[in-house]
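For reference, the chains in residue letters:
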Amino acid sequence: AEHSNFPKLPDDFRLENYNVLLVSSEAVRFDKTALSEGSDGQTPSLVRMKEGGAYVFENAYSSSSGTLHSISALLGMTFTSALKAETYQKSWHGELLPGRKQVPEIFEAAGYDTFWTSHGHRDCFRHHVLGFERGLKTQEFFLEEKDKPYPHMDSDIADAAIGELE
């Protein structure tokens, strides 16, 4: 833990006393979020969560440059090459296949209510990037239209996540 760059947890920290909310900025580089110095402030809800006491990991690394492979590695808790995943003709299309328990399945088995609230660029998580839904009680995607900005997506996603936690 000493070299992990994870924030120090209080000595009395017990996971069962907390809700767990994983915020992934896979579609937005960390240096473009409002948590980063010099950002353009496009993710103010993340700042509010941090100011409210959320743990924030500022040193993040991805196992891949593509959503399918990087999120598969995160959910499967290992390198993409060790997972059962199928990549379709386009390298960003494919499926994380059953075979290794994913983080949501582990939380579900431990009695947590699990959900996924996210952007849904071109509805990709329903049509092109598959297999992430295992262990999730609910899923809600906010869809943007091609070439049409969605100026309140950040706050809509945050509000939906907070609604799930309440």
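All figures in this text were calculated on a predicted structure; none of them were measured in a lab. (Residues numbered from 1 in each chain as written. Predicted model: local features only at pLDDT ≥ 70, side-chain atom pairs only at ≥ 80, totals over all residues. Heavy atoms only, no water.)

J.: Residue-level account of the sheet that holds strand β1 (residues 85–87), with values.
T.: If you walk across this open sheet you meet the three strands as β1-β2-β4, and the pairing is mixed. Whereas interior strands pair on both sides, the edge strands pair on one side only; in this sheet they are β1 and β4 (129–130). Here strand β2 (residues 94–96) pairs with β4 via two bridges, running parallel. From the neighbouring strand, Gly94 faces β4, where its bridge partner is Val129. Against the sheet, helix α2 (residues 67–76) contacts β1, β2 and β4, and its axis sits at roughly 0° relative to β2. (Pairing = 2+ DSSP bridges. Helix = DSSP H or I, 4+ residues; strand = E, 2+ residues; numbered from the N terminus. Contact = heavy atoms within 4.5 Å. Axes fitted to C-alpha atoms, helices over the stretch in contact; angles between N-to-C directions.)

J.: Before we move on, could you go through a nonpolar patch on the surface and cite the residues and values that matter?
T.: A grouping of Leu9, Leu15, Tyr18, Val20 and Tyr55 is seen on the molecular surface, where their side chains present a nonpolar patch of about 400 Å² in accessible area. Considering the arrangement of structural elements, one finds Leu9 in the segment before α1 (44–51). Exposure remark for Leu9: the relative accessible area of 37% places this residue in the partly exposed category. (Patch = residues over 30% accessible without salt bridge, like charges linked within 9 Å, V, L, I, M, F, W, Y side chains within 5 Å. Areas by Shrake-Rupley, 256 points an atom, 1.4 Å probe, with all protein chains shown as cover. Salt bridge = Lys/Arg side-chain N within 4 Å of Asp/Glu carboxyl O. Buried < 20%, exposed > 50% of the residue type's maximum accessible area, 1.4 Å probe, protein only.)

J.: Which residues make up the packing of aromatic side chains, and what values go with them?
T.: The relative placement of two aromatic rings is captured by the distance of their centres and the angle of their planes. Under the counting rule described, the total for this entry stands at six aromatic pairs. Arranged with centres 5.0 Å apart and planes meeting at 90°, the rings of Phe107 and Tyr112 form a pair that is edge-to-face. Accessibility expressed as a relative area gives 21% for Tyr112, which makes it partly exposed. Relative to Phe141, the ring of Trp116 lies with its centre 4.9 Å away and its plane at 85°, an arrangement referred to as edge-to-face. Taken together, the residues span a long stretch of sequence, with Trp116 in strand β3 (residues 115–119) and Phe141 in strand β5 (residues 138–142) at a distance of 25 residues. Through pairs of rings, three or more aromatic residues link up here, namely Trp116, Phe125, Phe132 and Phe141. (Phe/Tyr/Trp six-rings, centres within 6.5 Å; stacked < 30°, edge-to-face > 60°.)

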